[in-house]
Amino acid sequence: LPQAEEIVERIKEYMKGCEFVIEMEACGSFRRKNPTIGDLDIPISTKEPEKVINYFLDFPEIAEVLVVGDKKASVVLTNEVQVDIRVSEPQSYGAMLQYFTGSKQHNILLRNFALNKGMSLSEYGIKKGDTLNEFSDEKGFYNELGLPLIPPEIRNGNNEIDFAQKNSLPRLIELNDIKGDLHSHTNFSDGVDTLEDMVETAKKIGYEYIGITDHAPSIQSRGLGTVLKIISDTRKKIDEINSSQNDIKVFFGYEVNILVDNSLSLPDDILKNLDYVIAGIHSGFSQDRETVTKRILSAIENPYVSIISHPSGRILNERDPADPDWNKVFSAARDNNVLLEINSQPSRLDLPDDLIRMAIDWGVGLIINSDAHSMSELNFMKYGIYMARRGWAEKKNIVNSLKYDEFVK
């Protein structure tokens, strides 16, 4: 998704040089914020379609032109990504935006819904009898069908149209709802920036609180005395930051491994000295379902664990997710008041959207974290927001949307 974002931004920046472009938006899986993106479909509103298409064809990253027509051009870029631009008159741009956003299944359901009302849909508008009604924006398009605007992230052909009919669509979480980030790493473990720099960046973002959760130091390699001194020194440093200013509060935690024998990589006697603990699986992903379920449940039931990080363990295009009994995981998380993380690292985006929606149905508390390993990665939060929105999450479902005082409680 971030790679696709970079491509879209370069195209948009280039197309700003064309005076005939009124509006443009990358649609399809990109607009629906899928974790991975295929081709890019970009509808453009203009009164001069030929001039817009010709201008686009001079985009310097084009390696091959596949198709050129009156209303469309398809090209392959030097990075092998296919881009299709489609031009539209301004008065029908909303219909084209809707059509090319999809998903295919959403559009099929919407088309059937319209047919039952005696209407037919296309990228040009909504037809009643022989009359074509055009729409300059999507809101008007959906309203014509008697529906509120359905957010692109949930147009997946599930039951979003049923909810829209009842006017009960969720008010999806937004980036500016987030008040803090509880999963970040410094140069103490595998991060690249100092604790002070991470805190200062979080303050600039506008957060009320940040949690520092380096990978826990190993007692086996460092010895108990050294680990206890590390914790004492880190606690002192965090206390100094908290007492020196009132702009942002810092929580002291660790990310601990859930080991293959169901234990955690630090004993409870040490965990109890922390503000909170994030526990996650970082190895043994090929275990059978019953075994991996027991591992996650053992961490959830530990009294010092607050959050389960990247719960499925997936890495996009690289590692399949683990397959625990999710109903047992959700039930235990709810009953033990343990939060499940929506990890915003673009290679993870974990929990996935389908499991987010299941977790909400179970009444599980969710938290969106950046898992930042540098100051710049604190801005990965937006990717977790995209996943939360795809999973129908509202502000009330996301614990770090709470202001500091409420969050502490």
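As shown above, the structure is provided for reference.
Below or above, wherever it landed, is the structure these notes cover. It should be emphasised that the depicted structure is a prediction, and the values quoted were computed from it without experimental measurement. (Residues numbered from 1 in each chain as written. Predicted model: local features only at pLDDT ≥ 70, side-chain atom pairs only at ≥ 80, totals over all residues. Heavy atoms only, no water.)

### With respect to the nonpolar core
- Formed by 92 residues in total, the largest nonpolar core has its most connected members in Ile11, Met15, Phe56, Val83, Ile300 and Leu340.
- Setting aside residues no more than four positions away along its own chain, Leu340 makes contact with Ile308, Pro311, Val329, Phe330, Ala333, Leu351, Val364, Gly365, Leu366 and Ile367.
- Counting 19 residues, the second largest nonpolar core, distinct from the first, contains Ala114, Met119, Leu147 and Ile161. (Core = buried A, V, L, I, M, F, W, Y, C linked by side-chain atoms within 4.5 Å. Buried < 20%, exposed > 50% of the residue type's maximum accessible area, 1.4 Å probe, protein only. Contact = heavy atoms within 4.5 Å.)

### What to know about the sheet that holds strand 8 (residues 131-133)
- Taken in spatial order, the three strands line up as 6-7-8 in an open sheet, and their pairing is antiparallel. The open sheet has two edge strands with one neighbour each: strand 6 (119-122) and strand 8. Along the sheet, successive strands turn relative to each other by an average axial angle of 25 degrees, direction set aside.
- Sheet analysis places strand 7 (residues 125-128) next to strand 8, joined by three bridges and oriented antiparallel. Along strand 8, the bridge assignment pairs Lys127 with Leu132. (Pairing = 2+ DSSP bridges. Helix = DSSP H or I, 4+ residues; strand = E, 2+ residues; numbered from the N terminus. Axes fitted to C-alpha atoms, helices over the stretch in contact; angles between N-to-C directions.)

### Considerations on the packing of aromatic side chains
- Per the counting criterion, the structure on display carries 17 aromatic pairs.
- Their ring planes at 65 degrees and their centres at 5.9 Å tell us that Phe380 and Tyr383 sit as a pair that is edge-to-face. Tyr383 carries the same exposure label as Phe380, and that label is buried.
- A connected cluster of aromatic rings, assembled from ring pairs, spans Tyr209, Phe251, Tyr276, Tyr404 and Phe407.
- Lying across the ring of Phe30, Lys33 places its NZ or CZ 4.3 Å from the centre. (Phe/Tyr/Trp six-rings, centres within 6.5 Å; stacked < 30°, edge-to-face > 60°. Lys NZ or Arg CZ within 6 Å of the ring centre and 35° of its normal.)

### Examining the sheet that holds strand 10 (residues 209-215)
- If you walk across this open sheet you meet the seven strands as 9-10-11-12-13-14-15, and the pairing is parallel. What marks the edges here is a single partner per strand, and that holds for strand 9 (180-181) and strand 15 (366-369).
- Looking at chain direction, strand 9 and strand 10 are connected through two bridges and run parallel. Considered in strand 10, the bridge of Asp181 is made with Ile210.

### Here's the deal with the environment of Asn262
- Looking at where Asn262 falls in the secondary structure, it is placed in the loop between strand 11 (249-257) and helix 11 (268-271).
- According to the relative accessible area criterion, Asn262 is partly exposed, its value standing at 30%.
- Here the alpha-carbon distance between Asn262 and Leu297, two residues 35 residues apart in the chain, equals 8.7 Å.
- Non-local contacts of Asn262, meaning those with residues more than four positions away in its chain, are made with Lys294, Arg295 and Ser298.

### Re the pattern of salt bridges
- Following the criterion strictly, the structure yields 20 salt bridges and no others.
- Here Lys16 makes a salt bridge to Glu13, at a shortest N to O gap of 3.3 Å.
- Here Lys16 falls in the exposed class, since its relative accessible area comes to 62%.
- A salt bridge links Lys294 to Glu290; the shortest N-O distance between them is 3.6 Å. In this pair, Lys294 and Glu290 both sit in helix 12 (residues 289-300), four residues apart, roughly one turn of the helix.
- Classification of Lys294 by relative accessible area gives partly exposed; the value is 46%.
- Here Glu290 falls in the exposed class, since its relative accessible area comes to 54%.
- Salt bridges sharing partners connect three or more residues here, namely Arg31, Glu138 and Arg155. (Salt bridge = Lys/Arg side-chain N within 4 Å of Asp/Glu carboxyl O.)

### Section: empty space enclosed by the protein
- Enumeration over the complete set of coordinates arrives at one cavity of 30 Å³ or more.
- Counted by class, the lining of the largest cavity contains eight nonpolar, five polar and no charged residues. (1 Å grid on protein atoms, 1.4 Å probe; cavity = no way out; pocket = protein on both sides within 12 Å on 5 of 7 lines; lining within 4 Å. Points joined across faces, edges and corners; volume = space filled by probe spheres on them. Nonpolar A, V, L, I, M, F, W, Y, C, P; charged D, E, K, R; others polar.)

### Let's talk about the side chain of Arg31
- Relative to the helices and strands, Arg31 is located in helix 2 (residues 28-31).
- Look at Arg31 and you get buried, because its relative accessible area is 15%.
- Looking at Arg31, its side chain comes within polar contact range of the side chain of Glu138, at 2.8 Å.
- Sequence-distant contacts of Arg31, that is, excluding residues within four places in its chain, are made with Glu25, Ala26, Leu97, Thr101, Glu138, Pro152 and Arg155. (Polar contact = N/O pair within 3.5 Å; in protein donor to acceptor, adjacent residues only side chain to side chain.)

### Some remarks on the packing of helix 12 against helix 13 (residues 326-335)
- Closest axis-to-axis distance for the helix 12/helix 13 pair is 10 Å, and the angle between their directions is 5 degrees. By the angle between their directions, the pair helix 12 and helix 13 is classed as roughly parallel. Where helix 12 abuts helix 13, its residues Arg289, Thr293, Ile296, Leu297 and Ile300 lie against Trp326, Lys328, Val329, Ala332 and Ala333. (Parallel < 35°, antiparallel > 145°, perpendicular 65-115°, else oblique.)

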